[in-house]
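In case you want the letters, here they are:
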Amino acid sequence: MSEIIETKVLIIGSGPAGYTAAIYAARANLKPIMVTGNQPGGQLTITTDVENYPGFAKAIEGPFLMEQMREQAENVGTEIVYNMIADVDFSARPFTATDDSGNVYKADTVIISTGAKARWLGLPSEEKFMGLGVSACATCDGFFFKGKEVTVIGGGNSAVEEALFLTNFCSKVTLIHRRDELRAEKVMQDRLFANEKVEVIWDSTVEEVVGVGHGEDGTPGMTGVRIKNTKTGDESVVDCHGMFVAIGHDPATSLFKDKLPMDDEGYLIVEAGTPKTNIDGVYAAGDVTDKIYRQAVTAAGMGCMAALDADKFIAANE
């Protein structure tokens, strides 16, 4: 049976931004309610080793980090609902949101932390080696391929940035692009072509991620990618230990279409330097609005900012 649930702070989505917002809101005695979405913990739940989140001397697993954040949020007073928000109405306060079960949440403030997802190639073998060589974040995982050969898939600014970043660690970086020219800015292309560690393979698509079942340390791992030339149809295998897919991200913002301003890529637009949307009392934090940094620590920082702003807004309007 559906319910009407009232709260001062409704957090839509989980992950570092949502959990951090929940922690700060709960410690401010705002009794926040979080509706997690269909992937509690977000992208980090499919990340193996995390070595760049402050506070952990040794690498930790992404799911463990999210579990710790969830427990912390609950321990300080957050109510967590494992459901999905199906509709929102920001036209008047209290704002309303309806979940898949028909429950209606009436909230003084809303913090949106629905995140974004990397676009993948859609190969079964890609999924098989996810976290075992296949990644969508060079900043997150590049260090683990120190002294090894890797491939980067894509042709835009993100792909070139990833490739150049990986040259700091890897012995060789092979950029594979399905066309005969890159879409990246000219200055970035010049840097790429000038780097001796980089090789570009044109007019090619990845057909399969290949592996031997066990890597050097006894765990499953990839050993290369099988590619196909789009013009000749010829196939070959590029030997590598890692594959970084850099063909873009899709923010989870379809729920807010025509209700909040977005840019051309679907990211929520906020006031510069803040998590504030164009509606007072509605905030966006993390990858749902950040297409530049996309790190767990920056998402957590934005979640903190959103909760602090929500607290000030509530105090000013009570």
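Just so we're clear, the structure is a prediction, and the values are computed from it rather than from any experiment. (Residues numbered from 1 in each chain as written. Predicted model: local features only at pLDDT ≥ 70, side-chain atom pairs only at ≥ 80, totals over all residues. Heavy atoms only, no water.)

A.B. asks: Help me understand helix α2 (residues 62-75), please; the structure alone is not making it clear to me.
C.D. replies: Residues spaced three or four apart along an α-helix face the same direction, because each turn holds 3.6 residues. Here α2 spans 20 Å end to end across 14 residues, near enough to the 20 Å set by a 1.5 Å rise per residue. At its buried positions, α2 is contacted by α1 (15-27), β3 (49-50), β4 (60-61) and β5 (79-81). Positive backbone phi, at 120°, marks Gly77, one or two positions downstream of α2. (Helix = DSSP H or I, 4+ residues; strand = E, 2+ residues; numbered from the N terminus. Expected span 1.5 Å × (residues − 1). Contact = heavy atoms within 4.5 Å.)

A.B. asks: What exactly am I supposed to notice about unusual backbone geometry here?
C.D. replies: Among all residues save glycine, negative phi is the norm, and among peptide bonds the norm is trans. Look at the link from Arg93 to Pro94: it is a cis peptide, with omega at 0°. Following the sequence through the fold, Pro94 ends up in the loop between β6 (85-89) and β7 (95-99). The residue Lys31 is not glycine, and still its phi comes out positive at about 50°. You can see Lys31 is positioned in the loop between α1 and β2 (33-35).

A.B. asks: Even after reading the chapter, I still don't get the pairing of strand β8 (residues 104-112), so can you show me in this structure?
C.D. replies: Note on strand geometry: in a regular strand, side chains alternate between the two faces of the sheet. As judged from the eight bridges shared by strand β1 (residues 4-12) and β8, these two strands associate in the parallel manner. Its bridge partner being in β8, Ile5 is matched across the sheet by Tyr105. Both β7 and β8 contribute to a ladder of four bridges, which runs antiparallel. Bridge pairing in β8 links Thr98 to Val104. Counted between consecutive antiparallel strands, the loop separating β7 from β8 contains four residues, among which Gly102 sits at a positive phi close to 90°. As judged from the three bridges shared by β8 and strand β19 (residues 282-284), these two strands associate in the parallel manner. Note that in β19 the partner of Ile112 across the bridge is Ala284. (Pairing = 2+ DSSP bridges.)

Geometry only, nothing functional implied.
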